[in-house]
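What the coordinates show
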Amino acid sequence: MRNLLVETAGRPDSWPTPGGEEVAEAFGPSCWIVFVAYRDGIEVRDIGWIG
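First, a word on scope: everything that follows refers to the structure included in this document. What you see is a predicted model, and the numbers here were worked out from it, not measured in a lab.

1. Points about the sheet that holds strand S1 (residues 23-27)
Strands sit in the order S1-S2-S3 across an open sheet of 3 strands; the sheet is antiparallel. The open sheet terminates on both sides in strands that have one partner only, identified here as S1 and strand S3 (41-49). The mean inter-strand angle of the sheet, taken between neighbouring strand axes irrespective of direction, is 25°. Summarising the sheet, strand S2 (residues 31-38) and S3 pair through 8 bridges and their orientation is antiparallel. Residue Ala 37 lies in a different strand from S3, and its bridge partner there is Ile 42. Taken strand by strand, helix H1 (residues 2-9) contacts S1, S2 and S3, and its axis lies near 30° from that of S2.

Following this line, the structure appears as structure tokens:
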């Protein structure tokens, strides 16, 4: 999970439009996050994992 968060936070080019209105998803091998973007970072709205 930590790797997915670090990877997602480090790739602002893959974030949705900043402002907190549009959600995006990122997936790892056995986990996922749903997040929104702001100019200074992301806010995770949901976390899930298999197993």
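2. Overview of the pairing of S1
Of the two faces of S1, only the one carrying Ala 24 and Ala 26 is buried; Val 23, Glu 25 and Phe 27 on the other face are not. Relative to S2, S1 runs antiparallel, the two sharing 5 bridges. The partner of Val 23 across the bridge, within S2, is Val 36. In this antiparallel pair of consecutive strands, S1 and S2, the connection spans 3 residues.

3. Describing the environment of Trp 49
Relative to the helices and strands, Trp 49 is located in strand S3. By relative accessible area, Trp 49 is classed as exposed at 59%. In this structure the C-alpha to C-alpha distance between Trp 49 and Ala 26, which are 23 residues apart in sequence, comes to 12 Å. Apart from the residues lying within four places of it in its own chain, the contact partners of Trp 49 are Met 1, Ser 30, Cys 31 and Trp 32.

Rules and cut-offs
Residues numbered from 1 in each chain as written. Predicted model: local features only at pLDDT ≥ 70, side-chain atom pairs only at ≥ 80, totals over all residues. Heavy atoms only, no water. Pairing = 2+ DSSP bridges. Helix = DSSP H or I, 4+ residues; strand = E, 2+ residues; numbered from the N terminus. Axes fitted to C-alpha atoms, helices over the stretch in contact; angles between N-to-C directions. Contact = heavy atoms within 4.5 Å. Buried < 20%, exposed > 50% of the residue type's maximum accessible area, 1.4 Å probe, protein only.

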